[in-house]
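Fold and geometry: a report
The residues making up each chain are set out below.
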Amino acid sequence: MTGALARSRMVMIAAALVLTVSGCTGERDEVRMETNLANQRKAAIAFLETQGGVEKIRFTQEGGLSGFGAPWAVNAVVTVNGEDYNEILGTEKYSRVGNPLPTIPPATAPAPVTVIYSDESSEVIE
């Protein structure tokens, strides 16, 4: 009976560990997503400070660090004057991926811009 009791305890401990680790992973994922959404918003605002004529920014992924010491970045489709451009936006700068963006200075009173985040939520930034 002692062997069966020991095995039973081991199974219960293993199950408790699995549940604990799963719960922690879920919390980490939520925190990571909140951080990525906050960074997406920062990236949108930083981009709008340098580019005029923007109508919409749609983030196509969560974003993150590349692992090579590079800053946080995310892919986005940016609509300028009705044309879509694939860009890599960061919280401090952006990189061109496709065709060059039109040279339109940011307006002193920018128009409202629809921002669609990677979780499909959206807001209008004015």
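These numbers come from a predicted model, not from an experiment. Numbers given to residues run from 1 along each chain, matching the order in which its sequence is written. Since the coordinates come from a predicted model, pLDDT governs what is reported: local features require at least 70, and pairs of side-chain atoms require 80 or more to be given and counted, while whole-chain, interface and lining totals use all residues. Side-chain measures here rest on the full set of heavy atoms in the structure, leaving out hydrogens and waters.

Description of the nonpolar core
Grouping buried Ala, Val, Leu, Ile, Met, Phe, Trp, Tyr and Cys residues that are joined through side-chain atoms within 4.5 Å yields what is termed a nonpolar core. For each residue, the accessible area found with a 1.4 Å probe, counting protein chains only, is set against the maximum for its type, and the residue is called buried under 20%, exposed over 50%, and partly exposed in between. By size, the foremost hydrophobic cluster in this structure holds 20 residues, and its most contacted members are Phe47, Val54, Ile57, Phe59, Leu89 and Val115. Those elements that place two or more of their residues in this core are helix H1 (2–48), strand E1 (54–59), strand E2 (73–80), strand E3 (83–90) and strand E5 (113–116). Secondary structure is summarised from DSSP: a helix means a run of H or I of at least four residues, a strand means a run of E of at least two, and numbering begins at the N terminus for each. At five residues, the largest contribution of residues to this core is made by H1. Whether two residues are in contact is decided by their heavy atoms: any pair within 4.5 Å suffices. Sequence-distant contacts of Ile57, defined by excluding residues within four places in its chain, comprise Ala44, Phe47, Leu48, Ala76, Val77, Val78, Leu89, Val113, Thr114, Val115 and Ile116.

Here we look at unusual backbone geometry
A positive phi angle, close to 50°, is found at Asn81, a residue other than glycine. Mapped onto the secondary structure, Asn81 falls in the loop between E2 and E3.

Some thoughts on the side chain of Asn36
Position of Asn36 relative to the elements: it lies in helix H1. Classification of Asn36 by relative accessible area gives buried; the value is 5%. Two N or O atoms count as a polar contact when they lie within 3.5 Å, although within protein this holds only if one can serve as hydrogen donor and the other as acceptor, and sequence-adjacent residues are included solely when both atoms are side-chain atoms. There is a polar contact of 3.4 Å between the side chain of Asn36 and the side chain of Glu62. At 2.9 Å, the side chain of Asn36 forms a polar contact with the side chain of Trp72. Residue contacts for Asn36: discarding those within four places in its chain leaves Glu62, Gly63, Gly64 and Trp72.

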